[in-house]
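Here are the chains, one letter per residue:
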Amino acid sequence: CGEDDINLQFIIDALSSKDTTDTVPAQKWTIDCNNLELHDTRFAYQNQNSDESMVGLDVTNLLVSEINLHFRDVNITGDTISANVKNLSCLEKSGFRLKEFSANGSISPVKLLLHNLHLKTPNSDIFTEFEYKYTHFPDYLHFDKKVKMNYVFNPSSVNLKDISYFVHELWGIDFPVKLTGEVHGPLKDMKAKNLDLSYGKDTRLKGDLTISERPNIDETFAHFDINELVTTRSDINKLPIPPFTSGELLEVPANIAYLGKIKFKGNYTGFFSSFVAYGSFITELGKVS
């Protein structure tokens, strides 16, 4: 506690050469491994300079257990590691469980790239291609601001409960959606293109979305170009509202049910509780713009 370096730094320093004379330029190492397996292992990381206590997953205080890993065709060339991840499963002390994870991937000090990714938790089943870009590994300690994401989602099921382990403002939410589309940028300034979301019995949403997150979720600013929105009163009443730990759901008047299926095309700009929307509504009782 109170130190700037990790507790392995003295070993790293001891293995570093003190010879500063000119030598033949170092050659990049290349290491190949055909098969690598780990069974029921554990990993811990703790930054004792951090006294922050938070719900969900705390990247400054990790304890990962029940790690089962199977890699094929592992290659280490210079500072880049590539492998075929046949499966990875684990449990973090926060309660986040990874049941299945498979992909063809590579990682370097500036990029993490995964092809044909399949990720499964008790709540979600995701198929995607993704890329993380950063300037160096410590950027992961400020994931929401410094790690730039590029996702291409194939048809997937995602429960925001899993997202809440990493986006703590969502803690307490339990809301499953089905989706396809593309997501880019850091969490604090996220953009989605060709988004196709559905939940409940009748709700479907298509369009492009930009979200600028603030410390308080009520201050999160969003702009949504909506190509198609279809919903009903019963589905609207299933929407959770913050603080999500309360378990409260959005309520709309009973007579909204007379509208039947509500269709909207237009745009939405503003905050959760204060916004402007332009477009056309079509219901079973008529149309309004």
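Cut-off values and rules
Residues numbered from 1 in each chain as written. Predicted model: local features only at pLDDT ≥ 70, side-chain atom pairs only at ≥ 80, totals over all residues. Heavy atoms only, no water. Salt bridge = Lys/Arg side-chain N within 4 Å of Asp/Glu carboxyl O. Buried < 20%, exposed > 50% of the residue type's maximum accessible area, 1.4 Å probe, protein only. Helix = DSSP H or I, 4+ residues; strand = E, 2+ residues; numbered from the N terminus. Contact = heavy atoms within 4.5 Å. Phe/Tyr/Trp six-rings, centres within 6.5 Å; stacked < 30°, edge-to-face > 60°. Pairing = 2+ DSSP bridges.

Student: Pulling in residues and values, what's your account of the pattern of salt bridges?
Tutor: The full count for this structure, using the stated rule, is eight salt bridges. Salt-bridge contacts for K191 lead to D189; the nearest nitrogen and oxygen are separated by 3.8 Å. You can call K191 partly exposed: its relative accessible area is 39%. Residue D189 is classed as partly exposed on the basis of its relative accessible area of 33%. Across the pair R204 and D196 runs a salt bridge whose closest N-O atoms are separated by 2.6 Å. Residue class for R204 comes out partly exposed when judged on its relative accessible area of 37%. Ionic contacts of the salt-bridge type, sharing partners, join the residues K111, E131 and K133 into one network.

Student: Any details on the side chain of S89? Residues and values, ideally.
Tutor: Checked against the element boundaries, S89 lands in strand β3 (residues 80–92). For S89, the contacting residues outside a window of four places in its chain are E66, I67, N68, L98 and K99.

Student: Kindly report on the environment of F153, identifying the contributing residues and their values.
Tutor: Inspection of the secondary structure puts F153 in strand β8 (residues 148–159). You can call F153 buried: its relative accessible area is 15%. Remark: the alpha-carbon pair of F153 and L249, spanning 96 residues in sequence, is separated by 28 Å. Setting aside anything within four residues of it in sequence, one finds F153 in contact with I126, F127, T128, L179, T180, G181 and V183.

Student: Describe in detail the packing of aromatic side chains, supporting the description with residues and values.
Tutor: For the coordinates displayed, the defined rule picks out 16 aromatic pairs. Between F221 and F271 the ring centres are 5.4 Å apart and the planes differ by 70 degrees, which places this aromatic pair in the edge-to-face class. Here the residue F221 occupies a position in strand β12 (residues 221–231), and F271 occupies one in the loop between β13 (262–270) and β14 (275–283), the gap between them amounting to 50 residues. Summarising the aromatic geometry, the rings of F264 and F281 are spaced 4.6 Å apart at their centres and angled 40 degrees between planes, so their arrangement reads as tilted. Of this pair, F264 sits in strand β13 while F281 sits in strand β14, and the two are 17 residues apart along the sequence. With relative accessibility at 7%, the residue F264 sits in the buried group. Note on F281: relative accessible area 36%, which makes it partly exposed. An aromatic cluster is built from F130, Y132, Y134, F137, Y140, F143, Y151 and F153, whose rings are joined through pairwise contacts.

Student: So, the environment of M54: which residues are in play, and what are the values?
Tutor: Inspection of the secondary structure assignment puts M54 in the loop between β1 (30–46) and β2 (61–77). Counting along the chain gives 191 residues from M54 to T245, while the straight-line C-alpha distance between them is 14 Å.

Student: Explain the pairing of strand β7 (residues 125–133) residue by residue, including any values.
Tutor: In this structure, strand β6 (residues 111–120) lies alongside β7, joined through eight bridges in antiparallel fashion. Across the sheet, residue L117 finds its bridge partner in β7, namely T128. As judged from the seven bridges shared by β7 and β8, these two strands associate in the antiparallel manner. Along β8, the bridge assignment pairs T128 with F153.

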